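# Examining the three-dimensional arrangement
Residue-level listing of the chains:
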Amino acid sequence: MRRMREASVLRSLAQETRISISDFIYPIFVTHGRGVRNPIDPMPGMYQLSLDNLIPEIDEVVSLGIGAVLLFGLPASKDAEGTEAYEPSGIIQEAIRVIKQTAPDMLVITDVCLDEFTDHGHCGVIRNGRVDNDATLELLSRMAVCQAEAGADVVAPSAMMDGQVASIRTGLDSTGFENLPIMAYSAKYASSFYGPFRVAADSAPQFGDRRGYQMDIANSREAMREIQMDIDEGADIIMVKPALSYLDVISRAREAFGYPMAAYNVSGEYAMVKAATENEWIDGQRITLEILTSIKRAGADMIISYHAKEAARWLS
């Protein structure tokens, strides 16, 4: 076996998995105001950006060869039903328009979930102290349609409500967006790796947690049922989130389903690498590229990652 490992050219020729810039989707956090570029403390290198600062950010993403972004929004105000999420003047809708004016060919993917917009921080409508699944579906559909009308290229429901993909597909089809794809957060686990994201998006639950609707971290067979359900309801892309601790789920899904698959290299995974790199405990570049390679090796076709910009620089 070592004969094929001696020379770097041979190693390259025999290499089974390659990551490329075209694999990456870069998440961006947008907020109201002007001149806002707030550092996200637990996620070094990431910022909350106002729309005027979104323009140079998109210019940089384009210059690096990254072709897709995933938007998350911080609203001007919050209420019990996340009203700004499905208003034409909502922050996500405004950000879509800015991106399309700045870089018309940029693929804009939008998160469809209420947690950033509700005053209670949960992903759906609260009735009698719990998240009401069916009452939430109508709002998710309205949110997706509003994003599509603003120019979104792909909508990505992440609320983990039963039937969310079917409800959104019906809403899109009935308003003339039958060709707009859905990237479903199909196997989204109730993970502790989301902590830094909840700081970035100001979306921590104000009571309880999300284990009543996100998946149990111990289950993989259930993930296959979740993915199959989303496919049956009309998902065009499936997703596993988080990625690094769920490579087995990514691999199993790749074997079971012939659908395009995304994996989300989440905020906690990013933050751990950044913290260890800052303390000079690891080689941040090599570790990052190894992690991204492992996610693709497991079976992901596309990788949502906060590392996308720096990885693009290294790869180019």
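Structure report, in brief. (Residues numbered from 1 in each chain as written. Predicted model: local features only at pLDDT ≥ 70, side-chain atom pairs only at ≥ 80, totals over all residues. Heavy atoms only, no water.)

### Concerning empty space enclosed by the protein
One pass over the structure, following the stated rule, counts four cavities of 30 Å³ or more. The calculated volume of the largest cavity comes to roughly 80 Å³. If you trace the largest cavity, you find 13 residues lining it, with Asp115, Lys188, Phe197, Arg210 and Lys241 closest to the centre. Contributing elements (two or more residues each) for the lining of the largest cavity: strand S9 (183–188) and helix H6 (195–200). Residue composition of the lining of the largest cavity, by class: four nonpolar, two polar and seven charged. (1 Å grid on protein atoms, 1.4 Å probe; cavity = no way out; pocket = protein on both sides within 12 Å on 5 of 7 lines; lining within 4 Å. Points joined across faces, edges and corners; volume = space filled by probe spheres on them. Helix = DSSP H or I, 4+ residues; strand = E, 2+ residues; numbered from the N terminus. Nonpolar A, V, L, I, M, F, W, Y, C, P; charged D, E, K, R; others polar.)

### What about the pairing of strand S10 (residues 237–241)?
Burial analysis of S10 places five of its five residues in the buried class, the great majority of the element. Across four bridges, S9 lies against S10 in parallel orientation. Considered in S10, the bridge of Ala187 is made with Val240. Direction of pairing for S10 relative to strand S11 (residues 261–265): parallel, over a ladder of three bridges. Residue pairing across strands places Met239 opposite Ala262, the latter belonging to S11. A crossover connection joins S10 to the parallel S11 through helix H8 (residues 247–256); in handedness this β-α-β unit is right-handed. (Buried < 20%, exposed > 50% of the residue type's maximum accessible area, 1.4 Å probe, protein only. Pairing = 2+ DSSP bridges. Right-handed = clockwise from strand over helix to strand, strands pointing away.)

### Side note on the packing of aromatic side chains
Counting across every chain of the model gives eight aromatic pairs. Taking the centre distance of 6.2 Å and the plane angle of 10° together, the rings of Phe29 and Tyr306 count as stacked. Taken as a pair, Phe29 in strand S1 (residues 24–31) and Tyr306 in the loop between strand S12 (302–305) and helix H11 (308–315) lie far apart in primary sequence, 277 residues in all. On the basis of an interplanar angle of 50° and a centroid distance of 6.4 Å, the ring pair of Tyr185 and Tyr264 is categorised as tilted. Here Tyr264 lies in strand S11 and Tyr185 lies in strand S9, a separation of 79 residues in the sequence. (Phe/Tyr/Trp six-rings, centres within 6.5 Å; stacked < 30°, edge-to-face > 60°.)

### A closer look at the nonpolar core
One finds Ile28, Phe29, Val69, Met183, Ile250 and Tyr264 to be the most contacted residues of the largest nonpolar core, which totals 108 residues. Considering every element that reaches this core, the biggest residue donor is helix H4 (residues 133–150), with eight residues. In this view, Met183 contacts Ile25, Ile109, Val154, Val155, Ala156, Pro157, Ile237, Met239, Ala262, Met302 and Ile304; residues no more than four positions away in its chain are not counted. (Core = buried A, V, L, I, M, F, W, Y, C linked by side-chain atoms within 4.5 Å. Contact = heavy atoms within 4.5 Å.)

### Here's the deal with the packing of H8 against helix H10 (residues 284–298)
H10 packs onto H8 with a crossing angle of 30° between their chain directions and a minimal axis gap of 8 Å. Overall, the two elements H8 and H10 adopt an arrangement that is roughly parallel. From H8, Leu247, Ile250, Ser251 and Arg254 reach across to H10, where they touch Ser294, Ile295 and Ala298. Looking at side-chain class alone, the contact of H8 with H10 contains four nonpolar, two polar and one charged residues. (Axes fitted to C-alpha atoms, helices over the stretch in contact; angles between N-to-C directions. Parallel < 35°, antiparallel > 145°, perpendicular 65-115°, else oblique.)

Just geometry here; none of it tells us what the structure is for.
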